[in-house]
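If you want the building blocks of each chain, they are given just below.
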Amino acid sequence: MFAAWLRAPRPAAEPGIWRHGYVPPPARYEGTTRSLLVRVVIALLVGFVCWRLFLEGGLPFMGAPLHYFTPASWWTGGYEPQPVDHRGLAALELYELFISVGMFLFFARLGGWRSAFDHHVAARGPWHRALAATAGGAVVVALIENEVLPVYPLVFGHLPYRELGNVAGSVITYTLYGVVYALVVVVFARLGGWADVRARVRASAGTASDADVGDPRDLAEWPELRAAGLDESADRLAAEAYAGRMNDVDHARIRRAFESVQVDPARRAAFVASVRDNGAAACAHPSKARDLPLRTAAHDLVVAQVRIGGVTDAESNPYARRGTGLALDPAVLGTSVLAVGPSGAGKTRLLVRPVVESLALQALAGQAALIAVGAAGAELGPDGGYDVVVRPGDPASVHDLDLYGGTSDADEAASLLAEAFVGDLPGTDTRRAATALAQLLGPFRAAYGRFPGVAELRELLDRVPGPIEALRRALDDAGQQAMLRELDARERQRDVHGDPGPVLADRVGLLDRPAFHGFFDTSSDSRPFCPRSLEHPVRVRIDLPERAHPDASRLLARLLLAQFNASVAARTDRSLFAFLAFDDASQTLTPQTVRGLQRLRSAHAGVLLTLRTLEEVPEGLRPQLFGAVGCRFAFSGVTTWDGRQFAEAWGTELVETRDVTSRQVYAERPLTRLLHGVRKAISGKEVTTGAVTVRQVERERWSASALANTLPPAHAVVSLAAVTGERAAPVLVRLGQKN
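Residues numbered from 1 in each chain as written. Predicted model: local features only at pLDDT ≥ 70, side-chain atom pairs only at ≥ 80, totals over all residues. Heavy atoms only, no water.

*Asks:* So what about unusual backbone geometry? Which residues, and what values?
*Replies:* A positive phi is found at W222, a non-glycine position, where the angle reads about 55 degrees. Within the secondary structure layout, W222 lies in the loop between α9 (194–204) and α10 (223–227). For W222, a relative accessible area of 1% translates into the label buried. Residue R463 is not a glycine yet carries a positive backbone phi of 60 degrees. On the secondary structure map, R463 appears in the loop between α18 (454–461) and α19 (465–478). You can call R463 partly exposed: its relative accessible area is 37%. (Helix = DSSP H or I, 4+ residues; strand = E, 2+ residues; numbered from the N terminus. Buried < 20%, exposed > 50% of the residue type's maximum accessible area, 1.4 Å probe, protein only.)

Encoded structure:
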């Protein structure tokens, strides 16, 4: 089954389209079904009559081009020349064949036969399209067999059989038969999409046939390895795939490892040895895991997609997107995602969990690094699906959180802490707060070789005499005069109006609680996690104590976002896609972190932010936030106030409107008035005449009222963008739909 899954077609498509088995829709016919059928029937009848008149000589001057461009010796004289010998007969048959084909194409185009075929047949599915094309091919073969189309007389009627002999004549005859019917098969195979049907049949087959083995386009045969001369490794991996010992994570992981071999040929020997010794388990993730304990969504790791729903058939959706699956991949997630919807709308279950699951699978394949942040108890997957699980405030937590983001620079650490501590306070300058923190962090690190813990930092900010004097003595003993001047500057500024020290001390106090005792430890014995680890394919989940310590949780969320923005921008190796997912981003965004979101695209990283309402974002930041993210989700239940922001972000489009104006008809003649009176008595309405005005006007793609009042449960209006600049118009999506 796995090898068959790999063979499924995945054509290129617009951002957000589920590519596994995707079939582009046929062209849309703008008219009504009745007008289309009438047009087809009329063109068919007129074409048939004209064709029969042409064959019977009833159309004058139709043979003039033939007689003009051929020698006169081929024809008899008179008003209706006839062929003299086989040369004129062959020219006449060829001319009749060309004219017949030309008339067919002309009336087919005039009557919209292709539109009718796409609208009534191909739209029903690939099998209907293939069967209809097969029937059409059978009709053409019957016309050829009955010599209604002069193919046989033209092809076989002029061969010199006597000179060729029996053997040569038979060979040439059967060869020409093959050519004639091969042309018919090729034409109707393309019309019927037989190649697509064949691919679907192969994809649904449980095992591979002998004819499939060695196909250079077959992903199960590892064509990349064969092209590089690693036939033995390719054979081993193909055997694993056919035997069912390989899964999609294995395929993606080994493919990723081979890409690293192409970049650094020195890894070739190790890659070959690992494949030879371990087969499908080669090049394993450091955790040795080859899959997640549980999957809740459909994934396609060949193109790194996760399906989160299906586009509905609503009239508001573009025709080309109706009925397609909606999927997210790193190219789309790299523009960052904003999702807004009330509690219970399904943001966690229908969006965050599938995205986190997809990035975790890609991390196992060595393609991504993930940090998932949510409240304790949020449904972000079991512990076994992560490499690191951090639970601040839980004594059983194995891992800690690095308060300083893994940096050794005091100014950088102070900038990150200031963003987390006071970035959400509109009256506090984060630059002054960062300076105040740097004036303490720098001297402390110079004196003790580490940054202060939470309790120590609070004592320094609260100006407790003992720790300040001890720090001053340590700096004096170490000869750190520059750091002593920094400490003196902090002492001078503590009584200045607007000094951020007291505010910082209050915010640090949120973390200096008994529940967090032992956390945020800066000693060498702790095992802190910091976002700088994202240069490795790591899967991290951070459970914030949202219920017991909501303010501390919001502070830690701001700290993580600030550290993530700084870490991914400083990465030297950006081959891994880094992603940070917030199950609840309330009171997390600050002006600096919103500006940082815009730089994530070039850093091969992205962020997922979910909000219950836009009221949880400062009003001045909302336009910047909508401009910084490329993917926007408006879940069912959003308010009109939130919907107005989405409507402004999605803009307007030109639509064609029809205004019908009716006016009463006044009859002047007695007979006409009598008829109008009878008509009014029957219909109960006055006799009117209508005037239709067609014009193009600009309308909102989705109005705030429509977003607030028309979205069904488990639905969302979604607009996507890719890091390459491609954009997809907002569509109504049924989230969680698997087919």
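*Asks:* Describe in detail the environment of F117, supporting the description with residues and values.
*Replies:* Its location among the elements puts F117 in helix α5 (residues 113–120). Separated by 65 residues in the primary sequence, F117 and R52 place their C-alpha atoms 24 Å from one another. Setting aside residues up to four positions removed in sequence, F117 forms contacts with A122, R129, A132 and L191. (Contact = heavy atoms within 4.5 Å.)

*Asks:* Any details on the environment of A372? Residues and values, ideally.
*Replies:* With respect to the element layout, A372 can be found in strand β5 (residues 368–375). Sequence-distant contacts of A372, that is, excluding residues within four places in its chain, are made with V356, L380, Y386, V540, R541, I542 and A581.

*Asks:* Can you lay out the layout of surface pockets for me, pointing to particular residues and giving the numbers?
*Replies:* When its volume is computed, the largest pocket comes out at roughly 1,600 Å³. Lining of the largest pocket is provided by 41 residues; of these, F104, L105, W113, V140 and F188 occupy positions nearest its centre. Listing elements by their share of the lining of the largest pocket, those giving two or more residues are α2 (33–55), α4 (86–110), α5, α6 (126–145), α7 (151–156) and α8 (161–192). Take the lining of the largest pocket: its biggest share by element is 10 residues, from α4. Residues of the lining of the largest pocket, tallied by class, amount to 33 nonpolar, 5 polar and 3 charged. (1 Å grid on protein atoms, 1.4 Å probe; cavity = no way out; pocket = protein on both sides within 12 Å on 5 of 7 lines; lining within 4 Å. Points joined across faces, edges and corners; volume = space filled by probe spheres on them. Nonpolar A, V, L, I, M, F, W, Y, C, P; charged D, E, K, R; others polar.)

*Asks:* Got a sec to walk through a nonpolar patch on the surface? Specific residues and values, please.
*Replies:* A cluster of nonpolar side chains, namely L671, L674, L675, V678 and I682, defines an oily patch on the protein surface of about 550 Å² accessible area. Counting through the fold element by element, V678 comes out in helix α26 (residues 670–683). Classification of V678 as partly exposed rests on a relative accessible area of 43%. (Patch = residues over 30% accessible without salt bridge, like charges linked within 9 Å, V, L, I, M, F, W, Y side chains within 5 Å. Areas by Shrake-Rupley, 256 points an atom, 1.4 Å probe, with all protein chains shown as cover. Salt bridge = Lys/Arg side-chain N within 4 Å of Asp/Glu carboxyl O.)

*Asks:* If you had to explain α19 to someone new, which residues and values would you point to?
*Replies:* With 14 residues, α19 ought to run about 20 Å at 1.5 Å a step, and its terminal C-alpha atoms sit 20 Å apart, in line with that. Within the span of α19, buried status applies to I468, L471, A474 and L475. With its buried residues spanning 130 degrees around the axis, α19 presents them on a single face. Across α19 from its buried face, at more than 90 degrees, point the exposed residues P465, R473 and D477. Residues of α19 that are buried sit in contact with α17 (430–448), α18 and α20 (481–493). Among the residues trailing α19, G479 stands out with phi positive, at a value near 75 degrees. (Expected span 1.5 Å × (residues − 1). Arc of directions from axis to C-beta.)

*Asks:* I'd love a proper account of the packing of α19 against α20, names of residues and values included.
*Replies:* Direction vectors running N to C along α19 and α20 enclose 155 degrees, while the axes themselves pass 9 Å from each other. As judged from the angle between their axes, α19 and α20 are roughly antiparallel. Crossing of α19 over α20 shows left-handed handedness. Residues I468, L471, R472, L475 and D476 of α19 lie in contact with α20, whose contacting residues are Q481, M483, L484, L487, D488 and E491. Broken down by class, the residue content of the contact of α19 with α20 amounts to 6 nonpolar, 1 polar and 4 charged. (Axes fitted to C-alpha atoms, helices over the stretch in contact; angles between N-to-C directions. Parallel < 35°, antiparallel > 145°, perpendicular 65-115°, else oblique. Left-handed = near helix turned anticlockwise from the far one by under 90°.)

*Asks:* Just give me the short version of the nonpolar core, but keep the residues and values in it.
*Replies:* F421, I542 and F564 are the most contacted members of the largest nonpolar core, which totals 88 residues. Among the elements that make up this core, the one with the highest residue count is helix α22 (residues 550–569) (9 residues). Leaving out residues up to four positions away in the same chain, F421 has contacts with L437, L457, L504, R507, V508, L511, L555 and R558. Of all hydrophobic cores here, the second largest spans 45 residues; its members include A252, L333, L350 and V733. (Core = buried A, V, L, I, M, F, W, Y, C linked by side-chain atoms within 4.5 Å.)

*Asks:* Requested: an account of empty space enclosed by the protein, with residues and values cited.
*Replies:* With the rule as written, the count across this model stands at 2 cavities of 30 Å³ or more. Quantified by volume, the largest cavity comes out at close to 70 Å³. What lines the largest cavity is L292, P293, L294, R353, V356, E357, A360, L380, G381, P382, G385 and Y386. The class makeup of the residues in the lining of the largest cavity is 8 nonpolar, 2 polar and 2 charged. Estimates place the volume of the second largest cavity at around 30 Å³.

*Asks:* Quick rundown of the pairing of strand β2 (residues 305–311)? Include the residues and the values.
*Replies:* Where burial is concerned, most of β2 is hidden: 7 out of the 7 residues are buried. The pairing of strand β1 (residues 298–300) with β2 spans 3 bridges and is antiparallel. Across the sheet, A298 pairs through a bridge with R307, a residue of β2. Counted along the chain from β1 to the antiparallel partner β2, the turn is 4 residues long, and its residue A304 has a positive phi close to 60 degrees. With 4 bridges connecting them, β2 and strand β3 (residues 325–328) associate as antiparallel partners. Residue pairing in the sheet places V306 in a bridge with L328 of β3. As judged from the 3 bridges shared by β2 and strand β16 (residues 727–735), these two strands associate in the antiparallel manner. From the neighbouring strand, G309 faces β16, where its bridge partner is L735. (Pairing = 2+ DSSP bridges.)

*Asks:* Go over the pattern of salt bridges, please, and point to the residues and values.
*Replies:* For the structure shown, the criterion picks out 33 salt bridges. Linking R295 and D248 is a salt bridge whose minimum nitrogen-to-oxygen distance equals 2.9 Å. Placement of R295 in the loop between α13 (268–278) and β1 and of D248 in helix α12 (residues 248–263) is noted, with a sequence separation of 47 residues between them. R541 serves as the salt-bridge partner of D543, at 3.0 Å between the closest nitrogen and oxygen. When salt bridges that share partners are traced, they join D383, R391, R541 and D543 into one network.

*Asks:* I'd like a description of the packing of aromatic side chains, backed by residues and values.
*Replies:* Where two aromatic rings form a pair, the distance of their centres and the angle of their planes describe that pair. Here the structure, examined in full by the defined rule, presents 12 aromatic pairs. The interplanar angle of 85 degrees and the centroid separation of 5.0 Å between the aromatic rings of F626 and F646 together place this pair among those described as edge-to-face. In this pair, F626 sits in helix α24 (residues 622–628) while F646 sits in helix α25 (residues 640–650), placing the two residues 20 residues apart along the sequence. Neither F626 nor F646 differs from the other in exposure class; each is buried. On the basis of an interplanar angle of 45 degrees and a centroid distance of 5.4 Å, the ring pair of F646 and W650 is categorised as tilted. Here W650 and F646 lie together in helix α25, a separation of 4 residues that amounts to about one turn. A residue is classified by how much of its surface remains accessible, and W650, at 7% relative accessible area, is buried. By way of ring pairs, the aromatic residues F516, F519 and F520 are connected into one cluster. The aromatic ring of W5 is capped on one face by R10, whose charged end is 4.8 Å from the ring centroid. In this structure, R445 is placed above the aromatic ring of F451, and the distance from its NZ or CZ to the ring centre is 4.9 Å. (Phe/Tyr/Trp six-rings, centres within 6.5 Å; stacked < 30°, edge-to-face > 60°. Lys NZ or Arg CZ within 6 Å of the ring centre and 35° of its normal.)

*Asks:* Can you tell me about the side chain of D402, naming the residues and giving the values?
*Replies:* Among the structural elements, D402 can be located in the loop between β7 (400–401) and α16 (410–422). We note that D402 is buried and unpaired, the nearest opposite charge coming from R532 at a distance of 7.4 Å. Discounting residues that sit within four places of it in the chain, D402 has contacts with P528, F529, C530 and Q563. (Lys, Arg positive; Asp, Glu negative; His and termini not counted.)

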